[in-house]
Amino acid sequence: MHLPLSLSSDVHRAQNSAAPIVALESTIITHGMPYPQNLQVARQVEADVRAAGATPATIAVMDGTLHVGLEDAQLQTLAKAQNVAKLSRADMAACIATGGTGATTVAATMIAARLAGIHVFATGGIGGVHRGAENTFDISADLQELAQTPVTVVGAGAKAILDLPKTFEVLETLGVPVIAYGQDTLPAFWSATSDMAAPLRMDDPARIAKAHLMRAAMGLDGGQLVANPIPAQDQIPSDVLAPIIQTALDEAAAQGITAKAVTPFLLSRIFELTKGASLTANIALVRNNARLASAIACEISTLSTH
Ligand code: PSU
Ligand code: MN
(Lines give C-alpha, C1' and ligand atoms only; values in the text may rest on other atoms or scores of the structure.)
(Ligands and ions follow the chains in the order given, each with its own letter.)
Protein backbone atom coordinates (compact mmCIF):
# COMPACT_ATOMS: atom_id res chain seq x y z
CA MET A 1 0.00 0.00 0.00
CA HIS A 2 1.34 3.40 -0.97
CA LEU A 3 1.39 6.11 1.70
CA PRO A 4 0.30 9.50 0.37
CA LEU A 5 3.04 11.58 2.04
CA SER A 6 3.60 15.14 0.87
CA LEU A 7 6.58 17.24 1.91
CA SER A 8 6.41 21.01 1.56
CA SER A 9 9.00 22.43 -0.82
CA ASP A 10 10.97 23.85 2.13
CA VAL A 11 11.01 20.55 4.00
CA HIS A 12 11.99 18.71 0.82
CA ARG A 13 14.89 21.10 0.26
CA ALA A 14 16.04 20.83 3.88
CA GLN A 15 15.90 17.04 3.70
CA ASN A 16 18.00 16.91 0.55
CA SER A 17 20.74 18.99 2.15
CA ALA A 18 20.49 17.23 5.57
CA ALA A 19 19.59 20.59 7.09
CA PRO A 20 17.87 20.72 10.50
CA ILE A 21 14.08 20.32 10.54
CA VAL A 22 11.69 20.74 13.48
CA ALA A 23 8.31 18.99 13.39
CA LEU A 24 5.31 20.90 14.77
CA GLU A 25 1.90 19.46 15.60
CA SER A 26 -1.51 20.65 14.48
CA THR A 27 -3.85 19.61 17.31
CA ILE A 28 -2.61 22.62 19.25
CA ILE A 29 -3.96 24.72 16.32
CA THR A 30 -7.35 23.00 15.96
CA HIS A 31 -8.10 21.90 19.53
CA GLY A 32 -5.64 23.73 21.79
CA MET A 33 -6.16 27.41 21.01
CA PRO A 34 -9.04 29.60 19.79
CA TYR A 35 -9.16 31.29 16.38
CA PRO A 36 -7.53 33.66 15.40
CA GLN A 37 -4.72 33.34 17.96
CA ASN A 38 -4.17 29.73 16.83
CA LEU A 39 -3.28 30.89 13.31
CA GLN A 40 -1.05 33.70 14.56
CA VAL A 41 0.77 31.28 16.85
CA ALA A 42 1.18 28.65 14.13
CA ARG A 43 2.81 31.25 11.88
CA GLN A 44 4.87 32.76 14.70
CA VAL A 45 6.25 29.40 15.80
CA GLU A 46 7.26 28.59 12.22
CA ALA A 47 9.05 31.97 12.08
CA ASP A 48 10.77 31.22 15.41
CA VAL A 49 12.09 27.93 14.01
CA ARG A 50 13.41 29.65 10.88
CA ALA A 51 15.02 32.43 12.93
CA ALA A 52 16.82 29.74 14.91
CA GLY A 53 18.28 28.23 11.74
CA ALA A 54 15.97 25.25 11.17
CA THR A 55 13.07 24.47 8.83
CA PRO A 56 9.58 24.07 10.34
CA ALA A 57 7.45 21.09 9.35
CA THR A 58 3.90 21.47 10.63
CA ILE A 59 2.15 18.13 10.29
CA ALA A 60 -1.49 17.34 9.48
CA VAL A 61 -3.64 14.99 7.42
CA MET A 62 -5.59 16.85 4.75
CA ASP A 63 -7.95 15.12 2.31
CA GLY A 64 -6.23 11.80 2.79
CA THR A 65 -2.65 13.03 2.41
CA LEU A 66 -0.15 13.13 5.25
CA HIS A 67 1.46 16.56 5.00
CA VAL A 68 4.87 17.25 6.49
CA GLY A 69 5.20 21.00 6.15
CA LEU A 70 2.09 23.08 5.40
CA GLU A 71 1.68 26.03 3.05
CA ASP A 72 0.09 29.13 4.58
CA ALA A 73 -3.27 28.47 2.90
CA GLN A 74 -3.36 25.02 4.51
CA LEU A 75 -2.56 26.49 7.92
CA GLN A 76 -5.44 28.92 7.46
CA THR A 77 -7.84 26.14 6.49
CA LEU A 78 -6.94 24.13 9.57
CA ALA A 79 -7.05 27.10 11.93
CA LYS A 80 -10.59 28.01 10.83
CA ALA A 81 -11.94 24.47 10.47
CA GLN A 82 -14.66 23.23 12.82
CA ASN A 83 -15.01 19.59 13.86
CA VAL A 84 -11.62 18.48 12.54
CA ALA A 85 -10.59 15.02 13.78
CA LYS A 86 -7.94 14.86 16.50
CA LEU A 87 -5.66 12.07 15.32
CA SER A 88 -3.53 9.78 17.40
CA ARG A 89 -1.85 6.42 16.66
CA ALA A 90 -5.21 4.60 16.73
CA ASP A 91 -6.97 6.55 14.01
CA MET A 92 -4.32 8.17 11.83
CA ALA A 93 -4.10 5.39 9.22
CA ALA A 94 -7.91 5.13 8.99
CA CYS A 95 -8.14 8.89 8.38
CA ILE A 96 -5.56 8.75 5.57
CA ALA A 97 -7.11 5.61 4.05
CA THR A 98 -10.58 7.18 3.90
CA GLY A 99 -9.49 10.51 2.48
CA GLY A 100 -10.15 12.39 5.70
CA THR A 101 -8.71 15.48 7.32
CA GLY A 102 -7.32 15.58 10.84
CA ALA A 103 -4.95 17.36 13.15
CA THR A 104 -2.08 15.41 14.65
CA THR A 105 -1.53 15.04 18.38
CA VAL A 106 1.91 14.51 19.89
CA ALA A 107 1.65 10.75 19.21
CA ALA A 108 0.57 11.15 15.59
CA THR A 109 3.10 13.91 14.92
CA MET A 110 5.90 11.67 16.22
CA ILE A 111 4.81 8.91 13.83
CA ALA A 112 4.85 11.35 10.90
CA ALA A 113 8.19 12.84 11.94
CA ARG A 114 9.76 9.41 12.00
CA LEU A 115 8.37 8.61 8.54
CA ALA A 116 9.94 11.83 7.22
CA GLY A 117 13.28 11.28 8.97
CA ILE A 118 12.81 14.22 11.37
CA HIS A 119 14.50 13.85 14.76
CA VAL A 120 13.07 16.74 16.77
CA PHE A 121 9.54 17.98 17.49
CA ALA A 122 8.30 20.97 19.47
CA THR A 123 4.91 21.15 21.18
CA GLY A 124 3.36 22.91 24.17
CA GLY A 125 3.05 20.06 26.62
CA ILE A 126 2.50 16.35 26.09
CA GLY A 127 -0.62 14.47 27.13
CA GLY A 128 -0.35 12.10 30.08
CA VAL A 129 -2.18 10.49 32.97
CA HIS A 130 -5.40 12.34 33.72
CA ARG A 131 -6.44 13.03 37.31
CA GLY A 132 -8.77 10.26 38.39
CA ALA A 133 -7.21 7.84 35.88
CA GLU A 134 -7.53 5.13 38.54
CA ASN A 135 -11.26 5.26 37.70
CA THR A 136 -11.34 6.44 34.08
CA PHE A 137 -8.16 4.77 32.78
CA ASP A 138 -7.64 7.97 30.75
CA ILE A 139 -3.94 7.93 29.87
CA SER A 140 -2.78 9.72 26.74
CA ALA A 141 -1.38 7.64 23.90
CA ASP A 142 1.42 10.23 23.81
CA LEU A 143 3.19 8.30 26.58
CA GLN A 144 3.27 4.97 24.71
CA GLU A 145 4.44 6.79 21.61
CA LEU A 146 7.40 8.27 23.45
CA ALA A 147 8.26 4.71 24.45
CA GLN A 148 8.41 3.43 20.88
CA THR A 149 9.12 6.19 18.35
CA PRO A 150 12.62 7.71 18.22
CA VAL A 151 11.84 11.44 18.19
CA THR A 152 13.06 13.99 20.75
CA VAL A 153 9.99 15.94 21.90
CA VAL A 154 10.44 19.38 23.44
CA GLY A 155 7.53 20.42 25.69
CA ALA A 156 7.04 22.34 28.91
CA GLY A 157 6.61 18.95 30.56
CA ALA A 158 3.09 17.56 30.52
CA LYS A 159 0.00 19.78 30.74
CA ALA A 160 -0.77 20.81 34.32
CA ILE A 161 -4.40 19.70 33.99
CA LEU A 162 -3.00 16.17 34.38
CA ASP A 163 -1.81 14.16 37.33
CA LEU A 164 1.84 15.13 36.82
CA PRO A 165 3.45 12.74 39.35
CA LYS A 166 1.61 9.76 37.82
CA THR A 167 2.51 10.96 34.31
CA PHE A 168 6.22 11.00 35.14
CA GLU A 169 5.96 7.63 36.90
CA VAL A 170 4.52 6.10 33.73
CA LEU A 171 7.27 7.66 31.61
CA GLU A 172 9.83 6.12 33.94
CA THR A 173 8.13 2.73 33.68
CA LEU A 174 8.14 3.01 29.89
CA GLY A 175 11.84 3.83 29.84
CA VAL A 176 11.41 7.33 28.43
CA PRO A 177 14.23 9.73 29.34
CA VAL A 178 12.81 12.93 30.82
CA ILE A 179 15.41 15.69 30.61
CA ALA A 180 14.76 18.97 32.42
CA TYR A 181 16.42 21.81 30.57
CA GLY A 182 18.55 24.05 32.77
CA GLN A 183 17.06 23.21 36.17
CA ASP A 184 16.82 20.41 38.73
CA THR A 185 13.03 20.30 38.98
CA LEU A 186 10.43 19.38 36.38
CA PRO A 187 8.46 22.25 34.87
CA ALA A 188 4.67 22.17 35.10
CA PHE A 189 3.48 23.67 31.78
CA TRP A 190 2.14 27.14 32.76
CA SER A 191 4.53 27.17 35.76
CA ALA A 192 8.32 27.03 35.41
CA THR A 193 8.95 24.74 38.34
CA SER A 194 7.33 22.12 40.52
CA ASP A 195 8.27 20.10 43.57
CA MET A 196 9.13 17.08 41.37
CA ALA A 197 12.82 16.35 40.93
CA ALA A 198 13.89 15.92 37.32
CA PRO A 199 15.20 12.43 36.47
CA LEU A 200 17.81 13.99 34.16
CA ARG A 201 19.06 17.53 33.69
CA MET A 202 20.93 19.03 30.74
CA ASP A 203 21.87 22.65 30.20
CA ASP A 204 23.07 22.51 26.63
CA PRO A 205 21.29 21.54 23.36
CA ALA A 206 24.41 19.72 22.14
CA ARG A 207 24.20 17.27 25.05
CA ILE A 208 20.56 16.57 24.32
CA ALA A 209 21.48 16.00 20.67
CA LYS A 210 24.25 13.57 21.67
CA ALA A 211 21.91 11.66 23.96
CA HIS A 212 19.40 11.37 21.10
CA LEU A 213 22.04 10.00 18.74
CA MET A 214 23.42 7.66 21.41
CA ARG A 215 20.02 6.06 21.80
CA ALA A 216 19.97 5.44 18.03
CA ALA A 217 23.51 4.02 18.17
CA MET A 218 22.33 1.62 20.88
CA GLY A 219 19.28 0.61 18.85
CA LEU A 220 16.92 1.78 21.59
CA ASP A 221 13.34 2.35 20.57
CA GLY A 222 11.52 5.42 21.72
CA GLY A 223 12.21 9.10 22.07
CA GLN A 224 13.24 11.58 24.71
CA LEU A 225 11.08 14.16 26.45
CA VAL A 226 12.85 17.47 26.96
CA ALA A 227 11.00 19.33 29.71
CA ASN A 228 11.68 22.98 28.98
CA PRO A 229 10.46 25.48 31.60
CA ILE A 230 8.32 28.41 30.50
CA PRO A 231 10.35 31.66 30.81
CA ALA A 232 9.90 32.93 34.39
CA GLN A 233 8.39 36.26 33.32
CA ASP A 234 5.62 34.47 31.39
CA GLN A 235 4.60 31.87 33.95
CA ILE A 236 1.43 31.62 36.02
CA PRO A 237 2.21 30.44 39.56
CA SER A 238 0.74 27.00 40.28
CA ASP A 239 -1.16 28.21 43.38
CA VAL A 240 -3.03 30.74 41.21
CA LEU A 241 -3.94 28.05 38.69
CA ALA A 242 -4.78 25.20 41.06
CA PRO A 243 -8.35 26.33 41.94
CA ILE A 244 -9.06 27.22 38.31
CA ILE A 245 -7.94 23.80 37.08
CA GLN A 246 -10.12 22.22 39.78
CA THR A 247 -13.18 24.21 38.64
CA ALA A 248 -12.60 23.15 35.03
CA LEU A 249 -12.18 19.51 36.08
CA ASP A 250 -15.40 19.62 38.13
CA GLU A 251 -17.28 21.08 35.17
CA ALA A 252 -15.90 18.41 32.83
CA ALA A 253 -17.07 15.71 35.24
CA ALA A 254 -20.51 17.31 35.68
CA GLN A 255 -20.98 17.58 31.91
CA GLY A 256 -19.80 14.01 31.27
CA ILE A 257 -16.88 15.08 29.04
CA THR A 258 -14.77 12.01 28.19
CA ALA A 259 -12.05 10.63 25.90
CA LYS A 260 -10.55 12.97 23.31
CA ALA A 261 -12.79 15.85 24.32
CA VAL A 262 -11.33 16.14 27.83
CA THR A 263 -8.10 18.03 27.08
CA PRO A 264 -9.65 20.55 24.62
CA PHE A 265 -12.54 21.19 27.05
CA LEU A 266 -10.20 21.84 29.98
CA LEU A 267 -7.88 24.11 27.99
CA SER A 268 -10.74 26.23 26.70
CA ARG A 269 -12.42 26.53 30.14
CA ILE A 270 -9.10 27.51 31.74
CA PHE A 271 -8.67 30.11 28.99
CA GLU A 272 -12.08 31.58 29.91
CA LEU A 273 -11.56 31.35 33.66
CA THR A 274 -8.14 33.08 33.47
CA LYS A 275 -9.51 35.71 31.06
CA GLY A 276 -6.97 34.69 28.46
CA ALA A 277 -3.90 34.58 30.70
CA SER A 278 -3.49 30.82 30.22
CA LEU A 279 -3.34 31.32 26.44
CA THR A 280 -0.72 34.08 26.73
CA ALA A 281 1.44 31.75 28.82
CA ASN A 282 0.78 28.81 26.47
CA ILE A 283 1.96 30.89 23.51
CA ALA A 284 5.13 31.93 25.34
CA LEU A 285 6.00 28.36 26.26
CA VAL A 286 5.37 26.96 22.77
CA ARG A 287 7.66 29.61 21.25
CA ASN A 288 10.31 28.85 23.86
CA ASN A 289 10.04 25.15 23.03
CA ALA A 290 10.35 25.83 19.29
CA ARG A 291 13.59 27.75 19.88
CA LEU A 292 15.13 24.98 21.98
CA ALA A 293 13.97 22.28 19.55
CA SER A 294 15.63 24.21 16.72
CA ALA A 295 18.92 24.41 18.62
CA ILE A 296 18.79 20.64 19.28
CA ALA A 297 17.95 19.92 15.61
CA CYS A 298 20.92 22.07 14.50
CA GLU A 299 23.24 20.15 16.84
CA ILE A 300 21.93 16.79 15.62
CA SER A 301 22.52 17.74 12.01
CA THR A 302 26.06 19.02 12.80
CA LEU A 303 26.91 15.85 14.73
CA SER A 304 25.45 13.62 11.98
CA THR A 305 27.43 15.20 9.14
CA HIS A 306 30.84 15.18 10.86
N1 PSU B 1 0.25 21.23 23.87
C2 PSU B 1 -0.48 22.37 24.03
N3 PSU B 1 -1.81 22.32 23.69
C4 PSU B 1 -2.41 21.18 23.20
C5 PSU B 1 -1.62 19.99 23.04
C6 PSU B 1 -0.30 20.08 23.39
O7 PSU B 1 0.03 23.41 24.47
O8 PSU B 1 -3.61 21.19 22.91
C9 PSU B 1 -2.29 18.72 22.50
C10 PSU B 1 -1.27 17.72 21.91
O11 PSU B 1 -1.67 17.44 20.58
C12 PSU B 1 -1.39 16.49 22.78
C13 PSU B 1 -2.83 16.53 23.16
O14 PSU B 1 -1.01 15.31 22.10
O15 PSU B 1 -2.98 17.94 23.49
C16 PSU B 1 -3.17 15.60 24.30
O17 PSU B 1 -4.46 15.12 24.12
P18 PSU B 1 -4.99 13.86 25.00
O19 PSU B 1 -4.88 14.33 26.43
O20 PSU B 1 -6.42 13.65 24.57
O21 PSU B 1 -4.11 12.69 24.67
MN1 MN C 1 -7.29 10.64 26.77
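Residues numbered from 1 in each chain as written. Chains lettered and ligands numbered in written order. Predicted model: local features only at pLDDT ≥ 70, side-chain atom pairs only at ≥ 80, totals over all residues. Heavy atoms only, no water.

**Brief notes about the packing of helix 3 (residues 37-51) against helix 4 (residues 72-80)**
Next up, step 1: The geometry of helix 3 relative to helix 4 is characterised by a closest axis approach of 9 Å and an angle of 145° between their N-to-C directions. Our pair here, helix 3 against helix 4, has a crossing hand that is right-handed. Between helix 3, through Asn38, Leu39, Ala42, Arg43 and Glu46, and helix 4, the contact on the second element is made entirely by Asp72, Leu75, Gln76 and Ala79. (Axes fitted to C-alpha atoms, helices over the stretch in contact; angles between N-to-C directions. Helix = DSSP H or I, 4+ residues; strand = E, 2+ residues; numbered from the N terminus. Left-handed = near helix turned anticlockwise from the far one by under 90°. Contact = heavy atoms within 4.5 Å.)

**Remarks on the site of ligand 1**
Next up, step 1: Contacts to ligand 1 come from 19 residues, most closely from Glu25, Lys86, Ser140, Asp142 and Thr263.
Next up, step 2: When the free accessible area of ligand 1 is taken as 480 Å², the share hidden by the protein chains comes to 94%.
Next up, step 3: Assessed atom by atom at 2 Å from the grid points, ligand 1 resides in the largest pocket.
Next up, step 4: Mapped by element, the contributors of at least two residues to the shell around ligand 1 are helix 2 (27-32) and helix 12 (262-273).
Next up, step 5: The dominant element in the shell around ligand 1, judged by the number of residues it contributes, is helix 2, at three residues. (Near = heavy atom within 4 Å. Areas by Shrake-Rupley, 256 points an atom, 1.4 Å probe, with all protein chains shown as cover. 1 Å grid on protein atoms, 1.4 Å probe; cavity = no way out; pocket = protein on both sides within 12 Å on 5 of 7 lines; lining within 4 Å. Sits in = over half its atoms within 2 Å of the grid points.)

**Details of the packing of aromatic side chains**
Next up, step 1: All told, the structure shown has one aromatic pair when counted by the stated rule.
Next up, step 2: Considering the side-chain rings of phenylalanine 189 and tryptophan 190, the 4.8 Å spacing of their centres and the 75° angle between planes classify their relative orientation as edge-to-face. Both residues of the pair, phenylalanine 189 and tryptophan 190, count as buried. (Phe/Tyr/Trp six-rings, centres within 6.5 Å; stacked < 30°, edge-to-face > 60°. Buried < 20%, exposed > 50% of the residue type's maximum accessible area, 1.4 Å probe, protein only.)

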